[in-house]
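What the coordinates show
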Amino acid sequence: MKSLPDRTVLLAPGWPGIPARWTSSAKSGVGTSLGAASRVWFTLSHGILDEVYYPRVDSACTRDLGLIVTDGASYCSEEKRHARSSVSLMADGVPAFHLRNLALDGRYQIDKDIVSDPSADVVLQQVRFTALKGALSDYRVYALLAPHLGNRGAGNTAWLGDYKGTPVLYAERNGYALALACSAPWLSRSVGFVGFSDGWQQLETDGRIVEAYERAEDGNVAMTGEIDLAACDGSFVLALGFGRSAAEAAQQAVNSLITGFEEISDEYIGMWKKWQGKRQAPPCLDPVARPLVEFSAAVLRVHEAKSFRGGAIASLSVPWGFDKGDDDLGGYHVVWPRDLVEAAGGFLAVGAGADARRVGRYLRVTQDADGHWAQNMWLDGTPYWNGIQMDETALPILLVDLADRCGAFRPGERAGHWRMIRRAASFIVRNGPVSMQDRWEEDPGYSPFTVSAEIAALLVAADDADANGDRRAAVYLRQTADTWCAAIDDWMYVTGTPLAERCGVDGYYVRISEADEADAASPKDGFVPIKNRPPADSSARADAMVSPDALALVRFGLRAADDPRMVNTVKVIDALLKVETPNGPAWRRYNGDGYGEHEDGRPFDGTGVGRPWPLLTGERAHFELAAGRVARAEELAAAMQAFSGESHLLPEQVWDAADIPDRELFAGHATGSARPLVWAHAEFVKLRRSIHDGAVFDQPPQTVARYVTVKPPDVRFAVWRFNNKIRTMTNGRILRIETLAPALVHFGIDDWFETQDVTAVDTALGVWVTDIDTATLSCTRRLDFTIYWPDEQRWEGTDFHVLVTRA
């Protein structure tokens, strides 16, 4: 298809066009067929088709496809800019959409039904153009398509052609191709470079195609075609096909046109209805919430890959895409293990156990050899960013346990996950409890969310270790979980700060305890060093960041909701982070957050002002439910639902300042961040399930039974490791020295008196422990020790000291 005819081809001027940009992230619809033969995903906003993804859900291939209406002379109206759009579902719980675009000047109306072909890589739009003023013959309608093949707007080539006699608009780049065909004849067609010779330039100036350029090579291109309204009486179907070659794309598009929209949409909707009917969740008792529960389930399913079963991306959007180019995709149409686990939990909440099982298998496949998962990754497991977040290693363990409790596994299936769980638990005990980054991909340190997830995961892993006959690992995992749980207040609860005084509380849990680069780790251990924290009752601490992340201590079952320290922390969170909007309350991530639009509404560009997150409203509702305040949880669930608006899509953030209409920012409604956010939809369906059950749906029972319903176990160990070099401990406890390799610990008392050598014991999890009992030390003494590494036949070369004081 790329060969040129013998005659002279009219080439478009203006190469390579203006720099390519993506489009609005505030989607009004996302969809895909459930047919395995269809490898396209589509998105909608402002009344038009936006990014279409092919052949994978992490590969965008278009910017947008919309219509322009002219009178052939002076009138030019672009539906995405000059019409008021509304969206509705073609069937309940089905991601098939009806769009109605009413011109702001009242001159025309455009109705569209949009689905994808279950049997082909094609998105179909059935369009009806209605003249509200004048006659149909007074108007011209043009389709304007901007290809961004293979996640890039640059380097695309567009041309005019036909497929065996059917006129088609083509584009191709680097092994990706698309073809736009229409059920009605094209009256004129042109391709060009965006900003210079594309059809929009001509329509805006002349109201018609004056120069029909036939080819635009290797740039940011757009394609334009005029539909013959008279031939179709204003009703036509646009078929956008994709393939590895132009001929393949065109063949699929033309075939779908021949099959017909009605047959294809019936099959598309039928597949989704069948999937919805197979779910086995308890019915949502609130009829107002039921539609969003059903559609949220579909949103989770839409984001799943087809060639990588169980893999799902975080969002079919590019946050602030209209301000982002080819090299800044925003990190959302990739897989985040955290978001993927949340999505799987959502599947379980709505009774879609088979879908959750696929996620579990995908996680098993993509786990790194050392036990962790990439911070985020392309569907094939290739890392996108290079960070490590410890909660993303803990959460897959918790997912296995939740799936088992929900009865999603077939007999014996849980045992098949033991290798994954064991490797993940090993990574946690070797590298935790400190997080290399918190769950918001930012600071390292002790984080309430991360530490809570880690502790819960270790207890679950201990159960699996017992079930698989690994008693030694089980004992160590529970000992570690108990030790970390007992240390939470020392690590993360501060008192006597000015903020505590202003809020009328003695203290609160901080968002994160900062790393101390001066405390260098041994090259032997690989740990990230963390400063030795001052005592929890220190009154000298300055104000610290707070976050709703502290609610995870209750969500993961480590603290009761009425624990005085939790009550204090909630007061501080509300004082600093709660925002009342017209749709209800929402919470910011933490004080000082810079992820969001600037004060004047300019898009986030690396700096900005953090805005409230609807998913945090859901997390707060779960806390209220755990505290027994069901009515308050219902109120917050209603607020969360209100944030979805007409589209039924939950955004990442909502605007929390005065309206800025020119930037489409309205209080309580989506900002330019991601919409939809899969994580938010998962949180909503879990919340509705929790309210139905009268208990937090995904709360691990192991932690509640061990730390909340009974007195927590006495902690015998004070753990020293290279990422947590404790300076003091009380006598009567055991000093546990942990290393990541076989070791011999040489120790003595008070400047090496009464020296002894102890060989470290292998826990079978990549950690070696040396226990030194301090029960015989009756007064304040100092333990001195150093380490010999037998595998390398060398001493550490540094002396370490721990002061043992009276209890």
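To keep things clear, this report deals only with the structure shown in the data block. Only a predicted model underlies this, so the values are computations on that prediction, with no experimental measurement involved.

Definitions and cut-offs
- Residues numbered from 1 in each chain as written.
- Predicted model: local features only at pLDDT ≥ 70, side-chain atom pairs only at ≥ 80, totals over all residues.
- Heavy atoms only, no water.
- Helix = DSSP H or I, 4+ residues; strand = E, 2+ residues; numbered from the N terminus.
- Buried < 20%, exposed > 50% of the residue type's maximum accessible area, 1.4 Å probe, protein only.
- Polar contact = N/O pair within 3.5 Å; in protein donor to acceptor, adjacent residues only side chain to side chain.
- Contact = heavy atoms within 4.5 Å.
- Patch = residues over 30% accessible without salt bridge, like charges linked within 9 Å, V, L, I, M, F, W, Y side chains within 5 Å.
- Areas by Shrake-Rupley, 256 points an atom, 1.4 Å probe, with all protein chains shown as cover.
- Salt bridge = Lys/Arg side-chain N within 4 Å of Asp/Glu carboxyl O.
- Lys, Arg positive; Asp, Glu negative; His and termini not counted.
- Charge placed at Lys NZ, Arg CZ, Asp CG, Glu CD.
- Phe/Tyr/Trp six-rings, centres within 6.5 Å; stacked < 30°, edge-to-face > 60°.
- Core = buried A, V, L, I, M, F, W, Y, C linked by side-chain atoms within 4.5 Å.
- Axes fitted to C-alpha atoms, helices over the stretch in contact; angles between N-to-C directions.
- Parallel < 35°, antiparallel > 145°, perpendicular 65-115°, else oblique.
- Left-handed = near helix turned anticlockwise from the far one by under 90°.
- Pairing = 2+ DSSP bridges.
- Expected span 1.5 Å × (residues − 1).
- 1 Å grid on protein atoms, 1.4 Å probe; cavity = no way out; pocket = protein on both sides within 12 Å on 5 of 7 lines; lining within 4 Å.
- Points joined across faces, edges and corners; volume = space filled by probe spheres on them.
- Nonpolar A, V, L, I, M, F, W, Y, C, P; charged D, E, K, R; others polar.

What about unusual backbone geometry?
In the segment running from Tyr 54 into Pro 55, the intervening peptide bond is cis, with an omega of -10°. In this structure, Pro 55 sits in the loop between strand 3 (48-53) and strand 4 (62-70). The residue after Gly 432, namely Pro 433, is reached through a cis peptide bond having omega 0°. Checked against the element boundaries, Pro 433 lands in the loop between helix 10 (418-431) and helix 11 (448-467). The backbone of Asn 151 shows a phi angle near 70°, a positive value even though the residue is not glycine. The backbone phi angle of Lys 164 is positive, close to 50°, even though this residue is not glycine. Position of Lys 164 among the secondary structure elements: in the loop between strand 11 (156-163) and strand 12 (166-173).

Digging into the side chain of Ser 197
Topologically, Ser 197 is positioned in the loop between strand 14 (186-193) and helix 2 (199-206). Owing to a relative accessible area of 2%, Ser 197 belongs among the buried residues under this scheme. In this structure the side chain of Ser 197 is engaged in a polar contact, spanning 2.9 Å, whose partner is the backbone nitrogen of Phe 193. Ignoring any residue separated from it by four or fewer positions in sequence, one finds Ser 197 in contact with Ala 12, Pro 13, Val 191, Gly 192, Gln 202 and Tyr 213.

Some points on a negative patch on the surface
A cluster of acidic side chains, namely Glu 262, Glu 263, Asp 266 and Glu 267, defines a negative patch on the protein surface. When you line up the elements, Glu 263 lands in helix 5 (residues 261-278). When its relative accessible area of 52% is taken as the criterion, Glu 263 is described as exposed.

Considerations on the packing of aromatic side chains
Overall, the coordinates contain 24 aromatic pairs when judged by the stated rule. Centre to centre, the rings of Trp 320 and Phe 604 are 5.5 Å apart; their planes meet at 45°, and the pair counts as tilted. Here Trp 320 is found in the loop between helix 6 (290-302) and helix 7 (337-349), whereas its partner Phe 604 is found in the loop between strand 21 (584-587) and helix 16 (614-626), with 284 residues between them in sequence. Pairing Trp 720 with Phe 785 gives two aromatic rings, centres 5.1 Å apart and planes at 90°, and the pair type is edge-to-face. Taken together, the residues span a long stretch of sequence, with Trp 720 in strand 22 (residues 717-720) and Phe 785 in strand 29 (residues 781-789) at a distance of 65 residues.

Overview of the nonpolar core
If you look at the biggest cluster of nonpolar residues, it comprises 225 residues, and the most contacted ones within it are Ile 227 and Phe 236. Among the elements that take part in this core, helix 11 stands out by supplying 12 residues, more than any other. Other than its neighbours up to four places away in sequence, Phe 236 contacts Leu 67, Gln 125, Gln 126, Val 127, Val 141, Cys 182, Ser 183, Ala 184, Ile 227 and Leu 229. With 23 residues, the next largest nonpolar core counts Met 729, Leu 735, Trp 768 and Val 804 among its residues.

Details of the packing of helix 6 against helix 7
Viewed as axis vectors pointing N to C, helix 6 and helix 7 meet at an angle of 140°, and their least axial separation amounts to 10 Å. Classified by the interaxial angle, the pair formed by helix 6 and helix 7 is oblique. As helix 6 runs across helix 7, the sense of the crossing is left-handed. Note on element contacts: helix 7 touches helix 6 through Ala 343, Gly 346 and Phe 347, opposite Ala 297, Leu 300 and Arg 301.

Some details on the pairing of strand 26 (residues 753-759)
Sheet faces and side chains relate simply in a regular strand, where the side chains alternate between the two faces. Here 5 bridges tie strand 25 (residues 744-749) to strand 26, and the two strands are oriented antiparallel to one another. Counterpart to His 746 in the pairing with strand 26 is Asp 757. Hairpin connection from strand 25 to strand 26: 3 residues lie between these consecutive antiparallel strands, with Asp 750 at a positive phi of about 50°.

Re helix 17 (residues 630-642)
Relative to the 18 Å expected for 13 residues at 1.5 Å per residue, helix 17 spans 18 Å between its end C-alpha atoms, a close match to the ideal helical length. Among all positions of helix 17, only Ala 633, Leu 636, Ala 637, Ala 639, Met 640 and Gln 641 are buried. The inward-facing, buried residues of helix 17 abut helix 6, strand 21, helix 16 and helix 18 (678-693).

Structural notes on the pattern of salt bridges
Summed over the entire model, instances satisfying the criterion amount to 53 salt bridges. For Lys 27, the salt bridge identified is with Glu 51, shortest N-O distance 2.5 Å. Of this pair, Lys 27 sits in the segment before strand 1 (29-32) while Glu 51 sits in strand 3, placing them 24 residues apart in sequence. Neither residue differs from the other here; Lys 27 and Glu 51 are each classed as buried. When the shortest N-O distance is used, the salt bridge between Glu 792 and Arg 794 registers 2.7 Å. Connected via shared salt-bridge partners are Glu 342, Arg 555, Glu 683, Lys 686 and Asp 698.

Details of empty space enclosed by the protein
Evaluation of the coordinates by the stated rule reveals 3 cavities of 30 Å³ or more. Taken as a whole, the largest cavity holds about 340 Å³ of empty space. Listing elements by their share of the lining of the largest cavity, those giving two or more residues are helix 7, helix 9 (391-405), helix 14 (552-555), helix 16 and helix 18. Ranked by residues supplied to the lining of the largest cavity, first place goes to helix 9 with 6 residues. The residue inventory of the lining of the largest cavity, partitioned by class, reads 14 nonpolar, 2 polar and 10 charged. Approximately 60 Å³ is the volume found for the second largest cavity. Every residue lining the second largest cavity is listed: Ala 356, Arg 357, Gly 360, Leu 363, Pro 396, Leu 399, Val 400, Ala 403, Phe 409, His 417 and Met 420. Among the secondary structure elements, those contributing two or more residues to the lining of the second largest cavity are helix 8 (353-366) and helix 9. Here the lining of the second largest cavity is composed, by residue class, of 8 nonpolar, 2 polar and 1 charged.

Section: the layout of surface pockets
Here the largest pocket defines a volume of roughly 1,300 Å³. Forming the walls of the largest pocket are 41 residues, and the residues nearest its centre are Ser 24, Ala 26, His 46, Glu 664 and Arg 675. Counting residues per element, the ones that place at least two in the lining of the largest pocket are strand 3, strand 4, helix 1 (79-82) and strand 6 (83-89). For the lining of the largest pocket, the residue count by class is 13 nonpolar, 16 polar and 12 charged.

Some details on the side chain of Glu 51
Since its relative accessible area comes to 0%, Glu 51 is described here as buried. A polar atom in the side chain of Glu 51 sits 2.5 Å from the side chain of Lys 27.

Topic: the sheet that holds strand 28 (residues 768-773)
Spatially, the 4 strands line up as an open sheet ordered 22-24-28-27, and their pairing is mixed. Whereas interior strands pair on both sides, the edge strands pair on one side only; in this sheet they are strand 22 and strand 27 (761-762). As defined by bridge partners, strand 27 adjoins strand 28 across 2 bridges and the pair is classed as antiparallel. Looking at strand 28, one finds that Val 761 is bridged to Val 769.

Concerning the sheet that holds strand 11
Here we have 9 strands laid out as an open sheet, ordered 6-7-8-9-17-13-12-11-15, and antiparallel in their pairing. With one partner strand each, in any of the chains shown, strand 6 and strand 15 (215-219) form the two edges of the open sheet. Across the sheet, the axes of successive neighbouring strands diverge by a mean angle of 20°, strand direction being ignored. Judged from the 6 bridges that link them, strand 13 (residues 176-182) and strand 17 (residues 235-243) form a sheet pairing that is antiparallel. When the bridges of strand 17 are listed, Ala 181 appears paired with Ala 239. Sheet strands in contact with helix 5 are strand 8 (108-116), strand 9 (122-131) and strand 17, and its direction is about 55° off that of strand 8.

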